[in-house]
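# Summary of structural features
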Amino acid sequence: MSNSTGQRKNSFSTGWQCPSNIALVKYWGKHGNQLPNNPSVSFTLSEAATRTFVTWEEDLNTDSPGLSFLFDGKENRAFESRIRKFLDAMSVEHFPFLKFGHLSIETSNSFPHSSGIASSASAMSALSMALCDLELMISGKSVSDVLFHRKASVISRLGSGSACRSVYPVAAIWGQFAEVPGSSDEWATGLESGVHKVFHTFHDDILIISPEEKSVSSSAGHGLMENNPYAPARYVQARAHTGKLLTALREGDLKAFGKITEDEALTLHALMMCSDPSYILMKEGSLSVINLVRRFRSDTDIPLYFTLDAGPNVHLLYPEEFEEPVGQFISSELRPLCHEGRIIRDRVGPGPQKIA
Ligand code: PMV
């Protein structure tokens, strides 16, 4: 490609697909620049993903990042302004090359934007993987896989906290935790090799109870932890849960896994209820699903467990071998509680994929 003076311009392109993740031990409460108040652990999903293609074209006549942005092939001012702010911040310390060129981003989600599924984790991790890839292409350098993912995780975290866990396959921990070498508050660490095979094919059916925007955003929710009287006890509990969950994940202990996962989901929502001001993000349908799941489990002994994000939708977690009976239960008893019968059938997945 040539510029107006006929010289060739440097141009580099890449594309990444990144999944969302579901927290088992929840990150809730932060300090400093998106640093967590407790360690968190998540499964990486596969179906709920973002695909992002980027092209960077050198322009030595500018010193501020240029941007064109398309979401699902169309302009989207709200997303664009969030991305622009993020890129401006990243160009200062992490990616100086952004200042000397124009970045074109085309992005789309595999799930509808209004489905009630948080897209920021998959969106920010896909963009971060792409930016780290571009940086290497432009510099001609190479780094180890560990360092590449670590930097992508740091950048994802700065974009949207929990996104930092999406850059690894199967499962990840974010937050310094003595038992996990290399773990840090600044980046997530992959747990794939420490996870029993039963969890590698785990299902996560996401029941869409309501697709509406949350009445209180996650960032406001993190903020309310500062004055929550239960916050200190919560951070102690989260550390204890992290240790126990890592053991359950390693040993394939489904009962311990389910107990911790459900405790975590209910604690998260209890913390919201006793924030000041108090708020409730669960809906009647969320509670009905929880009660039906517990009844199904005690009637059948099938290890079906629930968790929730900061919203009303319920994630159902279970081993692959129970796909059929769980599927029947969902169709007959739970689907009627979902908004327009909507369910996203997801599962634990292989993490980010380079697609261009
Ligand atoms: O990453 P944020 O700021 O959207 O916060 C995510 C909070 C939870 O989804 C509730 C928990 C988590 O660890 O993902």
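For every chain, the first residue of the written sequence is number 1, and numbering continues from 1 onward in sequence order. Thresholds applied to this predicted model are a pLDDT of at least 70 for local features of residues and 80 or more for the giving and counting of side-chain atom pairs; totals over whole chains, interfaces and linings are not thresholded and use all residues. The side-chain quantities take in all heavy atoms of the structure and omit both hydrogens and water.

## Here we look at the nonpolar core
A general tendency of soluble globular proteins is for nonpolar side chains to be buried together. Selection criterion: Side-chain atoms within 4.5 Å link the members of a nonpolar core, which is a set of buried Ala, Val, Leu, Ile, Met, Phe, Trp, Tyr and Cys residues. Burial classes follow relative accessibility: with a 1.4 Å probe on protein chains only, a residue under 20% of its type's maximum area counts as buried, one over 50% as exposed, and anything between as partly exposed. A run of DSSP states H or I qualifies as a helix once it reaches four residues; a run of E qualifies as a strand once it reaches two. Both are numbered from the N-terminal end. By the convention used here, residues are in contact when the closest approach between their heavy atoms is within 4.5 Å.
Residues Leu87, Leu98, Leu103 and Ile105 are the most contacted members of the largest nonpolar core, which totals 40 residues. Contributing elements (two or more residues each) for this core: strand 1 (11-25), strand 4 (40-58), strand 5 (66-71), helix 1 (77-93), strand 6 (101-109), helix 2 (120-139), helix 3 (145-159) and strand 7 (171-174). The residues touching Leu98, leaving out its near neighbours within four places in the chain, are Trp56, Ser64, Pro65, Gly66, Leu87, Met90, Ser91, Leu103 and Leu131.

## A few points about the packing of aromatic side chains
Cut-off, in case you're wondering: Here a Phe, Tyr or Trp ring, Trp counted by its six-membered ring, pairs with any other such ring whose centre lies within 6.5 Å, and the pair is stacked when the planes are under 30 degrees apart, edge-to-face when over 60, and tilted otherwise.
Scanning the entire structure with this criterion turns up 14 aromatic pairs. Ring geometry for Phe12 against Trp56: centres 6.4 Å apart, planes inclined by 25°, an arrangement best described as stacked. Of this pair, Phe12 sits in strand 1 while Trp56 sits in strand 4, and the two are 44 residues apart along the sequence. Here Phe12 falls in the partly exposed class, since its relative accessible area comes to 22%. Residue classification places Trp56 among the buried residues on the basis of a relative accessible area of 3%. Centroid distance Phe202 to Phe257: 5.3 Å. Interplanar angle 80°. Geometry classified as edge-to-face. Pair noted here: Phe202 is in the loop between helix 4 (197-200) and strand 9 (203-207) and Phe257 is in helix 7 (residues 254-273), with a separation of 55 residues, a long-range link. Like Phe202, the residue Phe257 is buried in the burial classification. Pairwise contacts between aromatic rings join Phe43, Phe199, Phe202, Phe257 and Tyr305 into one cluster.

## Quick word on the sheet that holds strand 10 (residues 305-308)
Note the threshold: Between any two strands, at least two bridges found by DSSP are needed for them to pair. Under this scheme, a helix contributes an axis fitted over its contacting stretch, all axes are lines through C-alpha atoms, and angles between N-to-C directions fall in the 0 to 180 degree range.
Strand order in the open sheet formed by 4 strands is 10-11-9-12, and the pairing between neighbours is antiparallel. Taken across any chain shown, the strands that pair with only one partner, and hence form the sheet edges, are strand 10 and strand 12 (343-347). The average undirected angle you get between the axes of adjacent strands in this sheet is 25°. Examined bridge by bridge, strand 9 and strand 11 (residues 314-318) share 5 bridges and lie antiparallel to one another. Looking at the pairing, His203 lines up with Tyr318 of strand 11. Packed on one face of the sheet, helix 7 meets strand 10 and strand 11 and runs near 30° to strand 10.

## Quick notes on unusual backbone geometry
Asp276 connects to Pro277 through a cis peptide bond whose omega is 5°. Residue position: Pro277 is located in the loop between helix 7 and helix 8 (284-300). Residues other than glycine seldom take positive phi values, yet Gln34 does so here, at roughly 60°. On the secondary structure map, Gln34 appears in the loop between strand 2 (30-31) and strand 3 (35-36). Taking the relative accessible area as the measure of exposure, Gln34 reaches 14% and is therefore buried. Positive phi outside glycine occurs at Val170, with the angle close to 65°. Mapped onto the elements, Val170 comes out in the loop between helix 3 and strand 7.

## With respect to the domain arrangement of the protein
In many reports, interface size means the accessible area that the parts give up when they come together. The line we're drawing: An automatic or database domain assignment is the source of the domain bounds shown. Two parts lose some accessible area (1.4 Å probe) when they are put together, and adding that loss for both gives the buried area.
Splitting the protein by domain gives domain 1 (11-195) and domain 2 (199-347). Placing a centre on the C-alpha atoms of domain 1 and another on those of domain 2 gives a separation of 25 Å. Of the residues lining the interface, 34 residues belong to domain 1; the matching set on domain 2 comes to 45 residues. Regarding the contact of domain 1 and domain 2, the summed buried area is about 3,300 Å², with carbon and sulfur atoms giving 66% of it.

## Notes on the packing of helix 8 against helix 9 (residues 323-334)
Axis angle and axis distance: for two packed helices, these are the angle between their axes and the distance between the axes, and together they describe the pair. Under the convention used in this document: Orientation categories follow fixed angle ranges, with anything under 35 degrees roughly parallel, anything over 145 roughly antiparallel, 65 to 115 roughly perpendicular, and all other angles oblique. If you view the pair so one helix is near and one far, a crossing is left-handed when the near helix is turned anticlockwise from the far one by less than a right angle, and right-handed when it is turned clockwise.
Close contact between helix 8 and helix 9 brings their axes to 12 Å; oriented N to C, the two are set at 140°. The orientation of helix 8 with respect to helix 9, classified from their angle, is oblique. You can see that helix 8 and helix 9 cross each other, and the crossing is right-handed. Side by side, helix 8 and helix 9 meet where Val289, Leu292, Val293, Arg295 and Phe296 of the first sit next to Pro325, Val326, Phe329, Glu333 and Leu334 of the second.

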